[in-house]
Structure formats: C-alpha cells, structure tokens
Amino acid sequence: MLYQTMHLIIVFIVCTVLKSTINGCPLVCSCTDTTTKCSNSNLTTIPSEITNSTTTLELQNNQLTTIQQEAFQDLPALRFLHLFSNQITAIQQETFQNLPALYELRLYNNQITTIQQGTFQNLTELYQLYLYSNQITTIHPGAFRNLPKLGRLSLQKNQITIIQQGTLLDLPSLYMVSLRNNRLTFIGNDTFENLPKLKYLYLYNNQISTIQLGAFQNLQDLYYLYLYSNQITSLQQELFQNLPALYRLYLYSNQITSLQQGTFQDLPKLDRLYLSNNDLTVLEENIFQDLTALEDL
C-alpha cells in the first residue's frame, strides 16, 4: 500500500512538471524555432523552463515588478530580451550577468528609479539599450562598465538631474545618447569624455542652465547636437571648439542674451545653426565669419 502511494506521488510530480512545458516551451508562452514569446500573459514572475537555445525572449506587457536574479542564468544564446511595458521598479546588480550573446535589451515603459553600479557591466555584445520612459533619477558610475559594443543608449523621458562623472566612461562604440526630456540642469566638463564614436547627442527639453567649458571636447565624430528648449543664458567662448564633424547645432528656445566672439570657431562642417526664440538683442560683428559651410541660420 505504501509503495503504491509513493508511486502515485512520484507520477503526480512528474506530470505536474511536464504540464508546465510543451516540448521545452513554457505553457504560458508560444515558441517558434529559437523565439520564446511570453508577452501579454499577465505574468508576475519569469518562467523558469525557457530552453537554453532561445535567442529571442519576449516578456513585454506583463505584470512583472521584479526580476529574479537567476532568471536568465542559463540562456547563453539569448540575443534579444524584451522586458518593456511591465511594472519593474528595480534591477539587481547581477541580473544580466551571464548573457554573453545579448545584443538588444528593452526595458522602457517601466517604473525603474535607480541604475546601480554594475547593472549592465560585461555584456560584451550589447549594442542597443533602451531605458526610456521610466522614473530614473540616479545612475551610479559604473552602471555601463565594459560594454565595448554599446552603440545606442536611450535614457529619455526619465527624471535624471545629473550625469555623474564616470557614468558614460569608456564606451568606445557609443554613437547615440538620448537624454532628452529629463531634469538635467548641469553638464560637466567630463560628462561625455572619451566617447570617440558619438555622433548624435540629444539634450533638449531639460532644465540645463550651465554647460562647463570642455563638456563637448574631443567628440571628433559628433554630427548632431540638440540643446534646444533648455534654460541656457550664455555660451562660453570655445565651448564648441574641436568639433570637426558637427553638422547641425540646435540652440533655439533658450534664454541666451549674448554671443561671444569665437563661440562658433573651428566648426568647418556646420551647415545649420538654430538660434531662434532666445533673448539676443545685439550680435557682435563677424560673429559667424568662421562658419564657412553655414547654409541656414
């Protein structure tokens, strides 16, 4: 009798485990080849039975509030991870640690408030990181450490007030940073240092009033610089120096009252300069004489 009872218990446990997956696919998900789709399923936790050959994992539009630290530890082939439009409030430091193939990570439309040091470090294949439309106020230096292939970093529509020194340090492939629609008030002289591939920098719709001299120095590839709709009152001489590739500069809808001679020197490729809706009353003679490529002002 005892033997039969134990046998039935074992059979029940095995059947329960088997019922949670179908051919290696979690019951609440649908799977095709190496794609696992678990979106729009009212999930509050991440399924634990995801096959380790998965390259795309879709978990968007669920009810996730936290991510278990070990949730992605056995997914060495994962390249695309979609966690957007959940209710995630925090990310533990080692959540994404063992994802050597990860190429794209989408975390937008959540409720994340802080990015801890080391949160995304050592994701050596990561190219696109989307963190916009959260409630981020603080990004700790080292959050993006050792991301040699990161190209796109989207941080717009958060509540960030300052980018601390070292936050964006040593990202050799980064070509686009979006910080628009935040609460930035200050850009330091080391905020964007050592970003040799940066082409697109979006800083509009903030509350920036101060930009330190050297803030944009040595951005040799910078092509578009968006600074409109801030609270800038003055531009230091040589602020835009050594930007040989700069093609468009957007400064409209600020509170600029005057322009110093030399503000726009050494910008050989600048084609468009937008200064409307400021408080300029008098311009020095020949203030734009060095802008030999300028087509529109």
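Just so you know, the residues in each chain are numbered from 1, in the order the chain's sequence is written. Totals for whole chains, interfaces and linings use all residues, but because this is a predicted model, local features are given only for residues with pLDDT of at least 70 and pairs of side-chain atoms are given and counted only at 80 or more. In computing side-chain values, all of the structure's heavy atoms are included and hydrogens and water are not.

Another aspect to go through is the packing of aromatic side chains. For Phe, Tyr and Trp, rings pair up if their centres lie within 6.5 Å, where Trp contributes its six-membered ring, and each pair is then called stacked (planes under 30 degrees apart), edge-to-face (over 60) or tilted (otherwise). Counted by the stated rule, this structure contains 28 aromatic pairs. Centroid distance Phe216 to Phe240: 6.1 Å. Interplanar angle 10°. Geometry classified as stacked. Taken together, the residues Phe216 in the loop between strand E15 (210–211) and strand E16 (224–226) and Phe240 in the loop between E16 and strand E17 (248–250) connect sequence positions 24 residues apart. Overall, the relative accessible area of 0% leaves Phe216 in the buried class. The cut-offs for exposure are 20% and 50% of the maximum accessible area for each residue type, with area from a 1.4 Å probe on protein chains only; residues under the lower value are buried, those over the upper are exposed, and the others partly exposed. On the basis of relative accessible area, Phe240 is assigned to the buried category, the value being 0%. Geometrically, the ring pair formed by Tyr250 and Tyr274 is stacked, given 4.8 Å between the ring centres and 15° between the ring planes. Separated by 24 residues along the polypeptide, Tyr250 in strand E17 and Tyr274 in strand E18 (residues 272–274) bring together distant segments of the chain. With a relative accessible area of 12%, Tyr250 lands in the buried category. Residue classification places Tyr274 among the partly exposed residues on the basis of a relative accessible area of 24%. Counted as over-ring charges are cases with an Arg CZ or a Lys NZ within 6 Å of the ring centre that also lie within 35 degrees of the ring normal. The positively charged end of Arg106 is found above the aromatic ring belonging to Tyr130, 5.0 Å away from the centroid. In this description a helix means any DSSP run of H or I spanning at least four residues, a strand means any run of E spanning at least two, and both kinds are numbered starting from the N terminus.

Quick look at the state of the cysteines now. Two cysteine sulfur atoms form a disulfide, by the criterion used here, when they sit within 2.5 Å. The tally for this structure, following the rule as stated, stands at two disulfides. There is a disulfide in this structure between Cys25 and Cys31, and the S-S distance comes to 2.0 Å. With the S-S bond torsion at 80°, the cross-link from Cys25 to Cys31 turns out right-handed. Here Cys29 connects covalently by a disulfide to Cys38, the sulfurs 2.0 Å from one another. Judged by the torsion about the S-S bond (105°), the Cys29/Cys38 disulfide is right-handed.

At least two bridges found by DSSP between two strands are what make those strands a pair. Taking strand neighbours across the sheet as the criterion, the twelve strands line up as E3-E4-E5-E6-E7-E9-E11-E12-E14-E16-E17-E18 in an open arrangement whose pairing is mixed. Strands with a single pairing partner mark the edges of an open sheet, and in this sheet they are strand E3 (30–32) and E18. On average, adjacent strands in this sheet sit at an angle of 5° to one another, irrespective of strand direction. Pairing of strand E4 (residues 35–37) with strand E5 (residues 56–58), which is carried by three bridges, proceeds in the parallel orientation. Counterpart to Thr36 in the pairing with E5 is Leu57. Interaxial angles span 0 to 180 degrees and are taken between N-to-C directions of axes, which are lines fitted to C-alpha atoms, for helices over the stretch in contact.

Another aspect to go through is the side chain of Asn86. Note that Asn86 resides in the loop between strand E6 (80–82) and strand E7 (104–106). Judged by its relative accessible area of 7%, Asn86 falls in the buried class. Two N or O atoms form a polar contact when they lie within 3.5 Å of each other; inside protein one atom must be a possible hydrogen donor and the other a possible acceptor, and for residues adjacent in sequence the pair counts only when both atoms belong to side chains. At 3.4 Å, the side chain of Asn86 forms a polar contact with the backbone nitrogen of Gln63. A polar side-chain atom of Asn86 sits 3.2 Å from the main-chain amide nitrogen of Leu64. With residues up to four places along the chain from it excluded, the contact list for Asn86 reads Leu59, Gln60, Asn61, Asn62, Gln63, Leu64, Asn109 and Asn110. Contacts are assigned to residue pairs with any non-hydrogen atoms lying within 4.5 Å of each other.

Here the largest pocket is characterised by a volume of approximately 180 Å³. In this analysis a 1.4 Å probe is tested at points of a 1 Å grid over the protein atoms alone, and where it fits but cannot get out there is a cavity; an open set with protein on both sides within 12 Å along at least five of seven lines is a pocket; lining residues have an atom within 4 Å of a point. For the largest pocket, the full set of lining residues is Ile46, Pro47, Ser48, Ile50, Gln68, Glu70, Ala71, Phe72, Gln73, Asp74 and Leu75. In terms of residue class, the lining of the largest pocket is made up of six nonpolar, three polar and two charged. Grid points are joined across faces, edges and corners, and a volume is the space filled by probe spheres set on the points. Side-chain classes are defined by residue name, with Ala, Val, Leu, Ile, Met, Phe, Trp, Tyr, Cys and Pro counting as nonpolar, Asp, Glu, Lys and Arg as charged, and the others, Gly among them, as polar.

This part takes up the side chain of Asn158. Mapped onto the elements, Asn158 comes out in the loop between strand E11 (152–154) and strand E12 (176–178). Relative accessible area serves as the criterion here: at 6%, Asn158 is assigned to the buried category. A polar side-chain atom of Asn158 sits 3.2 Å from the main-chain carbonyl oxygen of Leu131. For Asn158, the side chain forms a polar contact with the main-chain nitrogen of Ile136, separated by 3.1 Å.

How sure the predictor is of each residue is captured by pLDDT, a score from 0 to 100. Taken as a whole, the protein chain shows an average pLDDT of 89; of its residues, 92% reach a score of 70 or greater. Here residues 5–20 scores under 50 on pLDDT; set against residues more than four positions off or in separate chains, the count is five contacts.

Our next topic: the environment of Leu291. Note that Leu291 resides in the segment after E18. Taking the C-alpha atoms as reference points, Leu291 and Leu273, separated by 18 residues in sequence, lie 9.7 Å from one another. When neighbours within four sequence positions are excluded, Leu291 is seen to be in contact with Phe264, Leu267, Leu270 and Leu273.

The topology assignment puts Leu129 in strand E9 (residues 128–130). Counting along the chain gives 32 residues from Leu129 to Thr161, while the straight-line C-alpha distance between them is 20 Å. For Leu129, the contacting residues outside a window of four places in its chain are Leu105, Phe120, Phe144, Leu150, Arg152, Leu153 and Ser154.

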